[in-house]
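Residue-level structural notes
Given next are the chains, with one letter for each unit.
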Amino acid sequence: QVQLVESGGGLVQAGGSLRLSCAASGRTFSMYAMGWFRQAPGKERDFVAAIRRSYSTYYADSVKGRFTIFRDNAKNTVYLQMNSLKPEDTAVYYCATDTGGGGAYNYWGQGTQVTVSS
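Remember, it's a predicted structure, so these values are computed and weren't measured experimentally.

Analysis parameters
- Residues numbered from 1 in each chain as written.
- Predicted model: local features only at pLDDT ≥ 70, side-chain atom pairs only at ≥ 80, totals over all residues.
- Heavy atoms only, no water.
- Salt bridge = Lys/Arg side-chain N within 4 Å of Asp/Glu carboxyl O.
- Buried < 20%, exposed > 50% of the residue type's maximum accessible area, 1.4 Å probe, protein only.
- Helix = DSSP H or I, 4+ residues; strand = E, 2+ residues; numbered from the N terminus.
- Core = buried A, V, L, I, M, F, W, Y, C linked by side-chain atoms within 4.5 Å.
- Contact = heavy atoms within 4.5 Å.
- Pairing = 2+ DSSP bridges.
- Polar contact = N/O pair within 3.5 Å; in protein donor to acceptor, adjacent residues only side chain to side chain.
- Disulfide = S-S within 2.5 Å.

1. Description of the pattern of salt bridges
- All told, the structure shown has three salt bridges when counted by the stated rule.
- The partner of Asp-61 in a salt bridge is Lys-64, with the nearest N and O atoms 3.2 Å apart. An identical accessibility class is assigned to Asp-61 and Lys-64; each is exposed.
- One salt-bridge network, held together by shared partners, links Arg-38, Arg-66 and Asp-89.

Pasting the structure below:
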């Protein structure tokens, strides 16, 4: 069983920055791929970024060059640094982990709200 707790969301003006954190329980955090997803009102949940245990990273085209995902295995935490925020980045952001290694995220956090004002 893995528990994920996100933090760091809030209200920011367009062009600003936020850093989201996701703290994970469990002693094998370093073995898992971690991802960030977001869901805007009335829309489906979309992929934002992911980081493998090898530290390889992947990003949605909409956030490339603006967002950075990184992890600190000593703290069992994955981060999402978000710069140059836009109103269209407004959403609930979720972190998730793929403990099975097959590309399916099977544990999810409760989400944290990010609101970007224009």
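2. A closer look at unusual backbone geometry
- Its identity is not glycine, yet Asn-76 carries a phi of approximately 50°, on the positive side.
- Topologically, Asn-76 is positioned in the loop between strand 7 (67-72) and strand 8 (77-82).
- Look at Asn-76 and you get buried, because its relative accessible area is 18%.
- Phi at Ser-84 is positive, roughly 50°, even though this residue is not glycine.
- Given the relative accessible area of 41%, Ser-84 is considered partly exposed.

3. A short note on the nonpolar core
- Of all hydrophobic cores here, the largest spans 27 residues; its most connected members are Trp-36, Val-48, Phe-67, Val-78, Leu-80, Met-82 and Tyr-93.
- Residue contributions to this core peak at four residues, all from strand 3 (residues 18-24).
- When neighbours within four sequence positions are excluded, Tyr-93 is seen to be in contact with Glu-6, Leu-20, Trp-36, Phe-37, Arg-38, Val-48, Phe-67, Leu-80, Met-82, Gly-111, Thr-112 and Val-114.

4. Side note on the pairing of strand 5 (residues 45-51)
- Relative to strand 5, strand 4 (residues 33-39) is paired through six bridges, and the arrangement is antiparallel. When the bridges of strand 5 are listed, Trp-36 appears paired with Ala-49.
- Connecting the antiparallel pair strand 4 and strand 5 is a turn made up of five residues, with Gly-42 showing a positive phi of about 75°.
- Two strands pair when backbone bridges link them, and strand 5 and strand 6 (residues 57-59) are joined in this way by three bridges, in the antiparallel orientation. Bridging from a neighbouring strand, Ile-51 pairs with Thr-57 of strand 6.
- The antiparallel hairpin formed by strand 5 and strand 6 contains five residues in its connecting segment, where Tyr-55 sits at a positive phi of about 75°.

5. A look at the side chain of Gln-81
- Checked against the element boundaries, Gln-81 lands in strand 8.
- Reaching out from Gln-81, the side chain makes a polar contact with the side chain of Asn-83 at a distance of 2.9 Å.
- Beyond its immediate chain neighbours, meaning those up to four positions away, Gln-81 contacts Ser-17, Leu-18, Arg-19, Arg-66, Phe-67, Thr-68 and Phe-70.

6. Quick notes on the state of the cysteines
- Counting across every chain of the model gives one disulfide.
- Paired by a disulfide, Cys-22 and Cys-95 hold their sulfur atoms 1.9 Å apart. Taking the sign of the S-S torsion, about 40° here, the bridge from Cys-22 to Cys-95 comes out right-handed. One end of the pair, Cys-22, is in strand 3; the other, Cys-95, is in strand 9 (residues 91-98), with 73 residues separating them in the sequence.

Fair warning: the whole summary comes from geometry, so function is off the table for now.
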